[in-house]
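Spelled out, the chains give:
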Amino acid sequence: MPHSISSSNVARAIAALPEGVVLKQSSVHDDTHRVSGGLVEKLDILYQAADEAYSSAQPFTVCKKGCTFCCTYIPISLFPAEVAYIQVKTGVASTPSEEVDFGSSCPFLSGEVCLIYAFRPYVCRRHLNFSDTSEHCQTSSPPTLTSIHFDEIWRTYLSLVANGEKSMDIRQAFSKRVEARDIAEKVKPCQ
Ligand code: SF4
């Protein structure tokens, strides 16, 4: 049975974006280049803009707190710069591996909690399910979901982190399960 993917929910979400969010996403490239500091500071700004944009769209999705489907069944791609960002922000060292076992959860997932929520990769911020039902979230073979691309955020993201680098799955970059005690004390899990 085909899944019902609703592009109308995407359209409604875009139409409802507050003006401030639209303006901020359109200036994110300049904002990241204006800040003094290195890539970590630039990613701070980019991630904040992404969070504001995607949290505005969230009411038009079936995504709910406590759902960990995306943290388990779909690719969680990130670039080396984001691996470095996680290491700097959380104190967790990368443990690279070639293997990735889709169906084993992200090493930073503890029960229903992301241990590094504020510092999670870009992909985790933009995965939203705009379907009419949570049917996708009950299968281990999810279809490609309709998504929203905030063009300027996406372009800025790629210009900051891609640079000809190859992406990997978070389960390859951090191949060992991480415990709360492994993470710098100041890092708060999602509440
Ligand atoms: S980093 Fe956090 S949000 Fe992203 S997949 Fe892992 S547990 Fe989920």
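Rules used in this analysis
Residues numbered from 1 in each chain as written. Predicted model: local features only at pLDDT ≥ 70, side-chain atom pairs only at ≥ 80, totals over all residues. Helix = DSSP H or I, 4+ residues; strand = E, 2+ residues; numbered from the N terminus. Rg over C-alpha atoms; globule rule 2.2 N^0.38 Å. Buried ≥ 20, exposed ≤ 12 C-beta atoms within 10 Å, placed from the backbone. Contact = placed C-beta atoms within 7 Å. Core = buried A, V, L, I, M, F, W, Y, C linked by C-beta atoms within 7 Å. Near = placed C-beta within 6 Å. Nonpolar A, V, L, I, M, F, W, Y, C, P; charged D, E, K, R; others polar. Axes fitted to C-alpha atoms, helices over the stretch in contact; angles between N-to-C directions. Parallel < 35°, antiparallel > 145°, perpendicular 65-115°, else oblique. Left-handed = near helix turned anticlockwise from the far one by under 90°. Arc of directions from axis to C-beta. pLDDT = per-residue confidence, 0-100.

Right, let's get into the overall build of the chain. Counting its regular elements, the chain contains 9 helices and 4 strands. Each helix and strand of the chain, placed in order from N terminus to C terminus, yields the pattern α-α-α-α-α-β-α-β-β-α-α-β-α. In terms of C-alpha radius of gyration, the chain reaches 17 Å, essentially the compact-globule figure of 16 Å for 191 residues. Based on the C-alpha atoms only, the size of the chain along its principal axes is roughly 40 × 40 × 35 Å. For the chain, the proportion of its 191 residues judged to be buried stands at 31%. Counting only contacts in the chain whose residues sit at least 6 apart along the sequence, the fraction spanning at least 24 positions is 87%.

All right, on to the nonpolar core then. Ranked by internal contacts, the top residues of the largest apolar core, which has 42 residues, are L46, A50, A53, A57, L78 and I153. Elements that contribute at least two residues to this core include exactly α4 (39-57), α5 (70-73), α6 (80-90), α7 (122-126), α8 (151-161) and α9 (170-173). Broken down by element, the residue count for this core peaks at 8 residues, all from α4.

Attention shifts here to the site of the ligand. The environment of the ligand is formed by C71, I76, C106, F108, L109, C114, I116, R120, C124 and I170. When grouped by side-chain class, the residues that make up the shell around the ligand number 9 nonpolar, no polar and 1 charged.

A separate point is unusual backbone geometry. One non-glycine residue, N163, lies in the positive phi region at around 45°. For N163, a count of 10 C-beta atoms within 10 Å gives the class exposed.

Let us now look at the environment of C70. In this structure, C70 sits in helix α5. Take C70: there are 20 C-beta atoms within 10 Å of it, and that puts it in the buried class. When the C-alpha positions of C70 and T32 are compared, they lie 28 Å apart, and in sequence the two are 38 residues distant.

Right, let's talk about the packing of α4 against α8 for a bit. One can describe the packing of α4 onto α8 by two numbers: an axis separation of 11 Å at closest approach and a directional angle of 155°. Classified by the interaxial angle, the pair formed by α4 and α8 is roughly antiparallel. Between α4 and α8 the crossing geometry is left-handed. Side by side, α4 and α8 meet where L39, K42, L43, L46, A49, A50 and A53 of the first sit next to I153, T156, Y157 and L160 of the second.

This part is about the packing of helix α2 (residues 19-26) against α4. Between α2 and α4, the least distance of the axes is 10 Å, while the angle of their chain directions is 145°. Crossing geometry of α2 relative to α4 is assigned as left-handed. On α4, the residues touching V21, K24 and Q25 of α2 are A49, E52, A53 and S56. In terms of residue class, the contact of α2 with α4 is made up of 3 nonpolar, 2 polar and 2 charged.

Residues E82, V83, Y85, I86 and T90 constitute the buried set of α6. Taken down its axis, α6 places every buried residue within 155° of arc, on the same side. In this structure, the buried residues of α6 make contact with α4, β1 (77-78), α7, α8 and α9. A positive backbone phi angle near 80° is found at G91, which sits one or two residues after α6.

Our next topic: the confidence of the model for the chain. Note that predicted coordinates carrying low pLDDT should not be read in detail. Predicted confidence across the chain gives a mean pLDDT of 88, with 92% of residues reaching 70 or more. α2 is the least confidently modelled element of the chain, averaging 84 in pLDDT, while α6 averages 97, the highest of any element.

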